[in-house]
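Here is what each chain is made of, one letter per residue.
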Amino acid sequence: MTTFAEAIASRAQQWTAIIRIEGFGPSLSSSQLTAMGSDARACLCSTVPDYADESIPVWRDYLPEMPGLTSERGSVWGGFPDLGELSWAVVDFGDYLTQQLATDAKPITAINATTTATATEIRVKSSAAISASSVVWVGCEALHVITVIDGTTILVTRGYLSTTATAHDAGDRVFAAINYIKQRRADLYIVPTDAASRSEEKLVGQYVIDHGPSWAVSDDGGGVWSFAARSQSQHLDRMAPISTRRGKITSVGSHGVMVEPEAEAGRAFLSSFRQWSGDQDDGGASIYLQAEKGEVIAVAGPQREMSQANGAAFIRRDVLGSGRADLQPGDFLTQVMCAEHDEASAGGCSFRYSDPASTSSSASPRSTWTNTANPFHILLCIMTSAASDDDGLWFSNHAASRPNFSCLPPGFGLGLPVSNISVDSFLLAAQRSQHIRLTSLVYGSRPESFAAFASREILQPLGAYIVNEEGLAKIVLPGLPLMGSATVTLGAENILTREVGDRQRLPILDIARGTYDDTTAIEYKVGPKPSRSVTVTAADASELFSARRTYGTTDSTKTIAVPGGNRAEAAHLGRALAEPHLWRMYRPAYDIDVEYDLSLWNTKIGDAVAITLDEMPNQAATVRGWSSLQCELTEREPIIDEDGGARIRAHLIGFTQSSNNGRIAPSAHIISASTSAPNEVLTVTANQYTDTDALGSGVPTSDAAGFVTGDVVRCYNAAGVKQSGTNTQTVVSSVSNTITIDGDFGGLTLGGLILVFANYDDSIAQQREKFAYFSDLTECTVGASSADPYIFGRG
């Protein structure tokens, strides 16, 4: 039997393709479910793999040919990648699909009472047409019927066939066959045909069916059903917010605006006032409304009691610099969420998190919740918050030992279970972008695709991607990799070859200098209209980007809106956002098209890849041979051949070969020192310069952890004046909050001083490779040496 790794190594292995569709499959017994890993979805195969137990009625070798795949492409500007596509055909052998996909069949009954997403006893109008050990479908959900309790009650397993358990209302129809197929998720797996178990299956991609089925008569007179799907997490294109809350202006005065909520929105408005504090008074809590003319107005907690009877007075106008519109009685306002961050004026803030995670809506925000305008925190708030009152996610949808962001009022969230989110990827991106705050962001004025909102407001301004990685929504914030971070390695052992002559093969590889974009300037339009423009050009850093205007060039200006940015911070935001973009536009010196084996099957758009190739010209060392050239994956296309072979076709952009990358050297505040001859033992502050929740490989979570054995160090006082003269010491060990060094700097009193890295010229080789030093502005060298300074990308 062959493992996945052995199949890759052989390069001649035959692969089986398996497609499983959400909500499509049979009723299985408990033992059969266990054997299938609790996944009862039908397995539509090109060939049934050897490990399959064909007595379990899920295995169907009804794919007449390998599925067709098209690539997923990412723009250098970020956003949601262009979605790859999956197409496949299924032979209707023995009328299998005709019987299973009875999507036009009439309902057999209806739900008789409102049902939560977790209830297992379901009330129906009549259970006469329902039997035990069957499957029924309600809305998007499949339910596995355990038993029929009585004429109006059934006991079920929720979220069967990989569907999502949701609340159902009285009157929702119940079907005995899958009720729809479009917009269902389809998962594509590959596995060696002679694998020993399904543990060798690998998920190639997740897709959403957006076309089909279509029908054709096959040569033998049977039927062939054809499907097409796009690569996308089924959740990320949902409308958000699901519904809007509106109020109508009843009067406009010199001090504020009186608003009366629409009848059905009264409770929704009221719950929003109490979203942070429950039934407790919180004078700083705010609620925000936006006029169709753009102005945002707000009211603080003391005025919060809004009801259909008395309305409420909104006492702050022109919030977030939105402009003072000509508001008139009869105008409608829509409740929105804002990232207003100034505690002095705003008090409350719509986007918040609790850390450690609180799940109580009655907790005071002053002690429990932290305002945030970080773009990636905002995404987590929207993604994890409840889409409705009934999905059970309000305040409770958070990962273990991670902050809770699920605090937006029901209806404002995407309702994405945290189990479908790579939370750490968002938290790491937030830590890497602490200098970016979108304090004028407004969310919820109209229902729209979450993908559209996220791309416009956050992803494109920051050059980030949201991708679907093995079923998890993951954020990718491209940048130079941190020391110790994982980087996929691509070399001659992975790159496929083609035959070009008698016993001669060449790699399937095409490399050119990067000339894919003529953009030499980026104009950011920061803030709500009228926005403030700031332009950053490649010529501003011509030593990096070679964009001086000595000769005529073909160039253009890319305009990016940052509607959530603060106009007053336009200069800072422009520079902070533009430099990483320009770095990726100009320092990526190479366009690389390559085909490689499935050992890198799990690389995703935006991933860092290091290429090593002996034949390539190194234009920094003036010799042949690339060694771990840093690249970014921007296009990826899995290919499954008709003969059962499989490979990946990809496009990458490669960074310059001469960049010298590192991160800032560590520091530690010395509390006390004691002698343990011949060493000195330093007790240091735990987190003067670090955070305990730091994420990312190699990033220390305490100050002492930033130092390793062999580091060369000096001492400075708090004013930045060197105290150790020409003396340096070497770190012997670093444990917990204790750093041991091999001396006391010639008798220096160490308590209260700052331990730092020694100057580059006094440090050791290991230290030079791992950490960055600031260079001399005039000489562009480090210290007294001739060494080149490190180059910084967005960390």
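Keep in mind that what you see is a predicted model, and the values were worked out from it rather than measured. (Residues numbered from 1 in each chain as written. Predicted model: local features only at pLDDT ≥ 70, side-chain atom pairs only at ≥ 80, totals over all residues. Heavy atoms only, no water.)

Right, let's get into the sheet that holds strand E2 (residues 43-45). Strands sit in the order E3-E2-E1-E13-E14-E15-E6-E4 across an open sheet of eight strands; the sheet is mixed. Every other strand in the sheet has two partners, leaving strand E3 (59-60) and strand E4 (68-69) as the edge strands with one partner each. The pairing of strand E1 (residues 15-21) with strand E13 (residues 185-192) spans seven bridges and is classified as antiparallel. In the sheet register, Ile21 faces E13, and the bridge partner there is Ala186. (Pairing = 2+ DSSP bridges. Helix = DSSP H or I, 4+ residues; strand = E, 2+ residues; numbered from the N terminus.)

A large share of strand E27 (residues 465-469) lies buried, amounting to five of its five residues. Where burial is concerned, the two faces of E27 agree: the one with Tyr465, Val467 and Glu469 and the one with Ile466 and Asn468 are both buried. Both E27 and strand E28 (residues 472-476) contribute to a ladder of five bridges, which runs antiparallel. When the bridges of E28 are listed, Ile466 appears paired with Ile475. (Buried < 20%, exposed > 50% of the residue type's maximum accessible area, 1.4 Å probe, protein only.)

Here we come to the state of the cysteines. In the structure shown here, the tally under the stated rule is zero disulfides. Looking at Cys407, it has no disulfide partner, and the nearest cysteine sulfur is the one in Cys381, 4.5 Å off. Using a relative accessible area of 0% as the deciding quantity, one classes Cys407 as buried. (Disulfide = S-S within 2.5 Å.)

Attention shifts here to the packing of helix H7 (residues 375-384) against helix H9 (residues 450-462). Contact geometry for H7 and H9: axes closest at 11 Å, N-to-C directions at 170°. Judged on the interaxial angle alone, H9 and H7 are roughly antiparallel. As H7 runs across H9, the sense of the crossing is left-handed. Listed contacts from H9 to Pro375, Phe376, Ile378, Leu379, Ile382 and Met383 of H7 are Phe450, Phe453, Ala454, Ile458, Leu459 and Leu462. Across the contact of H7 with H9, the residue classes break down as twelve nonpolar, no polar and no charged. (Axes fitted to C-alpha atoms, helices over the stretch in contact; angles between N-to-C directions. Parallel < 35°, antiparallel > 145°, perpendicular 65-115°, else oblique. Left-handed = near helix turned anticlockwise from the far one by under 90°. Contact = heavy atoms within 4.5 Å. Nonpolar A, V, L, I, M, F, W, Y, C, P; charged D, E, K, R; others polar.)

Structurally, the position occupied by Ser724 is in the loop between strand E43 (712-716) and strand E44 (729-735). Since its relative accessible area comes to 3%, Ser724 is described here as buried. Those residues in contact with Ser724, other than ones at most four positions away along the chain, are Arg714, Cys715, Phe745 and Leu748.

For the rest of this paragraph, the subject is the pattern of salt bridges. The final tally for this structure, using the stated rule, is 20 salt bridges. One salt bridge in this structure joins Arg158 and Glu141, with 2.8 Å as the shortest N-O distance. You can see Arg158 sitting in strand E11 (residues 153-160) and its partner Glu141 sitting in strand E10 (residues 141-150), a full 17 residues away along the chain. Like Arg158, the residue Glu141 is buried in the burial classification. We note a salt bridge from Arg649 to Glu595, for which the minimum N-O separation is 3.2 Å. Linking Arg649 in strand E39 (residues 646-655) with Glu595 in strand E36 (residues 588-596), this pair joins segments that are 54 residues apart in sequence. Arg649 sits in the partly exposed class, given a relative accessible area of 34%. In this structure Glu595 comes out as buried when scored by relative accessible area, which is 10%. What you see here is one network of salt bridges that share partners, running through Asp39, Arg41, Arg185 and Asp187. (Salt bridge = Lys/Arg side-chain N within 4 Å of Asp/Glu carboxyl O.)

Let us look at the nonpolar core. Of all hydrophobic cores here, the largest spans 74 residues; its most connected members are Ile21, Phe24, Trp59, Trp88, Leu188, Ile592 and Val594. If we skip the residues at most four places from it in the chain, Trp88 touches Ile19, Ile21, Leu63, Pro67, Ala186, Ile209, Trp225, Ser226, Phe227 and Ala229. Within the second largest apolar cluster, 63 residues are counted, among which are Ile421, Ala429, Leu462 and Ala576. (Core = buried A, V, L, I, M, F, W, Y, C linked by side-chain atoms within 4.5 Å.)

In this section: H9. Here H9 contains 13 residues, and its C-alpha end-to-end distance of 17 Å stays within 8% of the 18 Å for a straight helix at 1.5 Å per residue. With ten of 13 residues buried, H9 is to be regarded as a mostly interior element. Within H9, the full set of buried residues consists of Phe450, Ala451, Phe453, Ala454, Ser455, Glu457, Ile458, Leu459, Pro461 and Leu462. Where H9 begins, the side chain of Ser449 points an oxygen toward the backbone nitrogen of Ala451, at a separation of 3.1 Å. Taken from the residues just after H9, Gly463 is the one with a positive phi, measuring 70°. (Expected span 1.5 Å × (residues − 1). Polar contact = N/O pair within 3.5 Å; in protein donor to acceptor, adjacent residues only side chain to side chain.)

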